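Each chain, letter by letter, is given below.
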Amino acid sequence: MKDLLKDTLYPAAMLMLLVGAWLAGVYLLHLPPYLLPSPHDVFDRLTGDFGYLMWHSGVTTFISLAGFFLSIVIGIPLAIALVSSKILDRTLMPWLVLSQTFPKVALAPLITVWFGLGMGPKIGVTFLVAFFPVLISSVVGLRSIESEMIELADSMKASRLQKFWKFRLPMALPSIFAGIKVSVAFSIVGAVIAEWVGATQGLGYLLLQANASLDTSLLFAVLICLTVIGVVLYYSVEWLEKMMIPWHATVRLKDRL
Amino acid sequence: MSQSIALRGIGKSFESFRALEGIDLSITEGEFVAIVGKSGCGKSTLLRIIAGLLEPSEGKAEVAGKPVTGPSDGIGIAFQTPVLLPWRTVEQNIRLQLEIRHLQRPDMEEELRRLIELTGLQGFEQRRPYELSGGMQQRVALCRALIHNPSLLLMDEPFGALDAMTREQLNLEIQRVWMQTGKTIVLVTHSIIEAVFLADRVVVMDARPGRITDIVDVEVARPRSFSNLSDPAFQKASNDIRMLMDAEGMTA
Ligand SMILES: Nc1ncnc2c1ncn2[C@@H]1O[C@H](COP(=O)(O)OP(=O)(O)OP(=O)(O)O)[C@@H](O)[C@H]1O
Ligand SMILES: [Mg+2]
């Protein structure tokens, strides 16, 4: 209970500070509404257009989640393949790394040209943005098992499969989760980028519309929606992590020092 | 008696570093051998070679009459660190040995209870490794090395993190297990008293390159007890070992 209080108190204080600065900007500096809308306007927007915002949020959440799941479903098995095959590792890894230095934002228009305006290509863009953290952290996790642990498995004459399921994979879970947490945040960015190109719905699309018509209160409302989605998804993953690896130090010792 | 372990001319290099050189050692079946020597003299490396976890750079290693090509069935190892799986409870960690070897039988569960009691871990069966002290973790590792009743038990300083009382208690227990089951046991230890108390023979090693300086026989009848450590035979053996180590400049 005390921990919960602490966990919510500090972020809440931070929020107050931000809203305070915001109010100060609006009422003391008298910034024009098209630069900085008042919290009141934004709140009105959020409540007034609630259904509308929820619908677009739903679309973006769907694309984010689909891209995110794809990242996991492809990223983790790909990591396993890379770790178990030297040839595959040598062949693919340089290209995978290269693909990450490449600005994926620039890829979105091309993908639209090639694959059209449907959900599929958008999920594809989201996947491209989000899968790398999962892949890399899974590779690192699967590789970083201590040599004594492997010796223990060897001394028991563990088969390759046993070594993987009973030693390597559970040992890699903390690292995999670290990647998944980055990935879930990236997936929202990916969805917004995807919706910037040839979309007729979604928060990314709304963002463009609001921007074009200098509708800053809508812009702020969309940003708030995005933040809420991000926070909810992130903490869902963290909760899942707590359930799956309660034994790990990052989970257990979170509140120490 | 048949030979359990035969090492002939074993050498091991890591890059240009000579970890072991010219190791000749025969251990008969059912024998209890201790290995002592200063840190870094290659004790763990030697144990790994016997276990089939590490290939020697030169020489031949045989266990139970067969050349060592990898870990064999009848082997139990307690490593220098406990290497427990953090997501498994005490009980599950011990059972791991049975799971991997497909040895899950009802009588094994009985053996599990017995070992847990014997090592004083009762009440902690459902705890996870991070909830245990270092000494308790070592005891779990020891149970795991013993659960499948291996004919060759290799232990690398298994009692390092234990208090003197528990240590003596477990030494007595190991002696009892050994006398009952006739296992071959190789024990690496830093304690001369422990080596002399438990072993038929104590192998004294020295470093750079890692080699066997001498082997000291301990001719004390079994079962041995800590109350007669002042026994002349015990004294002689420990003095011999200490002298060998002094001669090598191991102790100040
Ligand atoms: N995998 C390895 N790569 C390189 N050098 C190694 C490796 N394993 C061991 N060595 C070296 O070989 C020597 C012997 O190591 P070993 O672990 O066998 O010593 P030890 O006698 O068990 O020491 P301690 O009592 O401290 O456990 C050390 O100098 C160590 O640095
Ligand atoms: Mg060692």
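Structural data are supplied above this passage.
Right, let's walk through the structure included here. (Residues numbered from 1 in each chain as written. Chains lettered and ligands numbered in written order. Predicted model: local features only at pLDDT ≥ 70, side-chain atom pairs only at ≥ 80, totals over all residues. Heavy atoms only, no water.)

### Examining the overall build of chain B
For chain B, the count of helices and strands is seven helices and ten strands. At 18 Å, chain B has a C-alpha radius of gyration in line with the 18 Å of a compact globule built from 252 residues. Across its three principal axes, chain B shows a C-alpha extent of roughly 50 × 45 × 35 Å. Here chain B, with 252 residues, has 54% of them falling under the buried criterion. Intrachain contacts of chain B at a sequence separation of at least 6 include 69% that bridge at least 24 residues. Of the side-chain charges in chain B, 28 are positive and 33 negative, and the distance between the mean point of each set is 3 Å. (Helix = DSSP H or I, 4+ residues; strand = E, 2+ residues; numbered from the N terminus. Rg over C-alpha atoms; globule rule 2.2 N^0.38 Å. Buried < 20%, exposed > 50% of the residue type's maximum accessible area, 1.4 Å probe, protein only. Contact = heavy atoms within 4.5 Å. Lys, Arg positive; Asp, Glu negative; His and termini not counted. Charge placed at Lys NZ, Arg CZ, Asp CG, Glu CD.)

### Digging into the coordination of the magnesium ion (ligand 2)
All names here are of chain B. Within the protein, the magnesium ion (ligand 2) binds to S44 (OG) and Q80 (OE1); these donor distances fall in the range 1.9 to 2.3 Å. Taken together, the positions of S44 in helix α1 (residues 43-51) and Q80 in the loop between β6 (75-78) and α2 (90-101) put the pair 36 residues apart, joining distant regions of the chain. For S44, a relative accessible area of 16% corresponds to the buried category. Taking relative accessible area as the criterion, Q80 reaches 35% and is therefore assigned partly exposed. (Donors = N, O, S within 2.8 Å, 3.2 Å for Na, K, Ca; no water.)

### Observations regarding the site of ligand 1
Residue and element names in this part refer to chain B. S39, K43, S44, T45 and Q80 are the nearest of the 13 residues found near ligand 1. Take C41: an N or O atom from its main chain is 3.2 Å from an oxygen atom of ligand 1. Between ligand 1 and G42 there is a distance of 3.0 Å, counted from an oxygen atom to a backbone nitrogen or oxygen. Here ligand 1 loses 62% of its free accessible area of 630 Å² to cover by the protein chains. Breaking the shell around ligand 1 down by element, the ones donating at least two residues are β2 (17-28) and α1. With three residues, α1 is the largest single contributor of residues to the shell around ligand 1. Broken down by class, the residue content of the shell around ligand 1 amounts to four nonpolar, seven polar and two charged. (Near = heavy atom within 4 Å. Polar contact = N/O pair within 3.5 Å; in protein donor to acceptor, adjacent residues only side chain to side chain. Areas by Shrake-Rupley, 256 points an atom, 1.4 Å probe, with all protein chains shown as cover. Nonpolar A, V, L, I, M, F, W, Y, C, P; charged D, E, K, R; others polar.)

### Brief notes about unusual backbone geometry
The omega torsion across R208 of chain B and P209 of chain B is -10 degrees, close enough to zero to call that bond cis. Here P209 of chain B shows up in the loop between β9 (201-206) and β10 (211-217). Backbone torsion omega between R222 of chain B and P223 of chain B reads -10 degrees, so that peptide bond is classified as cis. Counting through the fold element by element, P223 of chain B comes out in the loop between β10 and α7 (232-247). Of note, H30 of chain A is a non-glycine position whose phi angle comes to about 55 degrees, a positive value. With respect to the secondary-structure elements, H30 of chain A resides in the loop between α1 (2-28) and α2 (39-48). Overall, the relative accessible area of 61% leaves H30 of chain A in the exposed class. Backbone geometry places E15 of chain B, a non-glycine residue, at a positive phi of 55 degrees. The topology assignment puts E15 of chain B in the loop between β1 (3-14) and β2. Under the relative-accessibility criterion, E15 of chain B is labelled exposed at 82%.

### Quick notes on the pairing of strand β8 (residues 184-188) of chain B
All names here are of chain B. β8 sits mainly inside the fold: five of its five residues count as buried. Across the two faces of β8 the burial is the same, with T184, V186 and V188 and I185 and L187 all buried. As judged from the four bridges shared by strand β3 (residues 32-37) and β8, these two strands associate in the parallel manner. When the sheet's bridge partners are listed, V33 is paired in β8 with V186. Where strand β7 (residues 152-156) and β8 come together, five bridges link them in parallel fashion. Looking at the pairing, M155 lines up with L187 of β8. (Pairing = 2+ DSSP bridges.)

### Considerations on helix α7 (residues 147-155) of chain A
Burial runs high along α7 of chain A: seven of the nine residues are buried. Of all the residues in α7 of chain A, the buried ones are E148, M149, I150, E151, L152, A153 and S155 of chain A. Residues of α7 of chain A that are buried make contact with α8 (160-196) of chain A together with α1, β6, α2 and α4 (134-146) of chain B. In the stretch just after α7 of chain A, K157 of chain A is the one whose phi turns positive, near 60 degrees.

### Quick look at the interface of chain A and chain B
Frequently, the measure chosen for interface size is the accessible area that the parts lose on association. Opposite the 18 residues of chain A that make contact, chain B presents 24 residues. Roughly 2000 Å² is buried in total at the junction of chain A and chain B, and carbon and sulfur atoms are behind 65% of that figure. By the criterion of area lost to chain B, the three top residues of chain A are E148, M156 and W247 of chain A, representing 31% of everything that side buries. Viewed at the interface, chain B and chain A are joined by four salt bridges. A salt bridge links E99 of chain B to K166 of chain A; its shortest N-O distance comes to 2.7 Å. (Buried area = accessible area lost by both parts, 1.4 Å probe. Salt bridge = Lys/Arg side-chain N within 4 Å of Asp/Glu carboxyl O.)

### Some words on the sheet that holds β8 of chain B
Residue and element names in this part refer to chain B. Within the open sheet, the six strands sit side by side as β6-β7-β8-β3-β9-β10. Their pairing is mixed. Every interior strand has two partners, whereas the edge strands, β6 and β10, have only one. On average, adjacent strands in this sheet sit at an angle of 15 degrees to one another, irrespective of strand direction. (Axes fitted to C-alpha atoms, helices over the stretch in contact; angles between N-to-C directions.)

### A word on the pairing of β3 of chain B
Walk down a regular strand and you will see the side chains alternate between the two sheet faces. Residue and element names in this part refer to chain B. Counting buried positions along β3 yields six of six residues, so the element is predominantly enclosed. Alternating residues of β3 divide into F32, A34 and V36 and V33, I35 and G37, and every residue in both groups is buried. Taken together, the five bridges between β3 and β9 define a ladder with parallel strand orientation. Note on β9: the bridge partner recorded for V33 is R201.

### Here's the deal with a nonpolar patch on the surface
Residues and elements named next belong to chain A. Residues L28, L29, L31, Y34, L35 and L214 make up a contiguous nonpolar surface patch of about 670 Å² in total accessible area. Following the sequence through the fold, L29 ends up in the loop between α1 and α2. Using a relative accessible area of 62% as the deciding quantity, one classes L29 as exposed. (Patch = residues over 30% accessible without salt bridge, like charges linked within 9 Å, V, L, I, M, F, W, Y side chains within 5 Å.)

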